[in-house]
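Coordinate inspection notes
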Amino acid sequence: MTQARPTPYPIRIFRCLRLALHFTWIAIGTAIAYPLVGTQQRARFKQRWSHQILRILSVRLETQPTDAPPGCLLVSNHVSWLDIFAIHSLRPAAFISKAEVRQWPFFGWLGEKNDTVFLRRGSRGHARVVNAQIDALLNAGMDVAIFPEGTTSDGTHLLGFHAALLQPAIETGRPILPLALSYHDAQGNISLAPSFAGETTIGQCFSAILASRSLTVRLIPEPVIDTVGKTRRELSQAARTAIASRLGFPLSSNPPERSPGPQAG
């Protein structure tokens, strides 16, 4: 099978220019419009902006409807920084990110303004504070998204889940919505281009996405998991089993990393 030719450089440059202009527009909207509108309108902004980011990068979203109620804990496997915009396109949410992302120029500020909760890894005291923030968001009817693998994979397997990250769903009694996420090329094969794993830098990842003529991100919601009367280990296993089954991955994948914390912000 012949490999698809990479995107011509003039088109890559055009995509970069469009993306820069779009993020400028997002920054203006965040700074000016957000203080004037309510939570629902901000969610619609996030959804619309995220759809546009995927379109600019020629990434098609393939998903299915879900009747999950608002205020779910969204649990997804983690492959790329693009995951955030794919999930926002389906269900705008508050994300949990490692605290270091808050110091990133522009994107740290943008994440904070878009309801990102920053987790200081290795601090149990701060984890309790973060869990209280997540509890408040869930109780207010806002979806909260976590990547319980604690880091990214290349999309060809599933890492172990950190059960502790599911604690807020138990405390609030809110349901868990598992999301099975994967990237595919024009032939329908798993694509490694969006992968932000291992020693891959953000620049290398972005260049690989630009070089892809087109990509499809499949984001498939699984049945909602009721959290009442269940332990976080049971919930973690149920969510991981649902995602692994949808993606066709074996359950005997790697155990979780020692220090949880999403790589992408």
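Along each chain, the written sequence defines residue order, and numbers are assigned to residues from 1. Two thresholds apply to this predicted model, a pLDDT of at least 70 for residue-level local features and 80 or more for giving and counting side-chain atom pairs, whereas whole-chain, interface and lining totals are computed over all residues. To get the side-chain values, take all heavy atoms of the structure and skip hydrogens and water.

What to know about the environment of S58
Threshold: Strands are runs of DSSP state E lasting at least two residues, helices are runs of H or I lasting at least four, and both sets are numbered from the N terminus onward. Contacts are assigned to residue pairs with any non-hydrogen atoms lying within 4.5 Å of each other.
Mapped onto the fold, S58 is located in the loop between α2 (39-56) and β1 (59-63). Remark: the alpha-carbon pair of S58 and N114, spanning 56 residues in sequence, is separated by 24 Å. Discounting chain neighbours no more than four positions away, the residues touching S58 are R15, R213, S214 and L215.

Notes on the pattern of salt bridges
Rules: We count a salt bridge whenever a side-chain nitrogen from Lys or Arg sits within 4 Å of a carboxyl oxygen from Asp or Glu. Partly exposed residues are those whose accessible area sits between 20% and 50% of the maximum for their type, while under 20% is buried and over 50% is exposed, using a 1.4 Å probe and protein chains only.
Inspection of every chain in the model, using the stated rule, returns six salt bridges. For R91, the salt bridge is made with D143, and the minimal N-O distance between the two is 2.7 Å. One end of the pair, R91, is in the loop between α3 (82-90) and β3 (94-98); the other, D143, is in the loop between α5 (124-139) and β5 (144-146), with 52 residues separating them in the sequence. One exposure class covers both R91 and D143, and it is buried. The salt bridge involving R102 is made with E112; its shortest N-O contact spans 2.6 Å. Taken as a pair, R102 in the loop between β3 and α4 (107-113) and E112 in helix α4 lie far apart in primary sequence, ten residues in all. The partly exposed category is assigned to E112, whose relative accessible area is 39%.

Considering the nonpolar core
For clarity, the threshold we go by: Put simply, buried Ala, Val, Leu, Ile, Met, Phe, Trp, Tyr and Cys residues joined by side-chain atoms within 4.5 Å make one nonpolar core.
Counting 38 residues, the largest nonpolar core has L57, L74, W81, L82 and I87 as its most contacted members. Listed by contribution, the elements that provide at least two residues to this core are α1 (9-32), α2, α3, β6 (176-184), α7 (202-211) and β7 (215-221). Looking at this core element by element, the count peaks at six residues for α3. Core analysis: the next-biggest nonpolar cluster, separate from the first, contains 27 residues, V75, A94, L119 and A239 among them.

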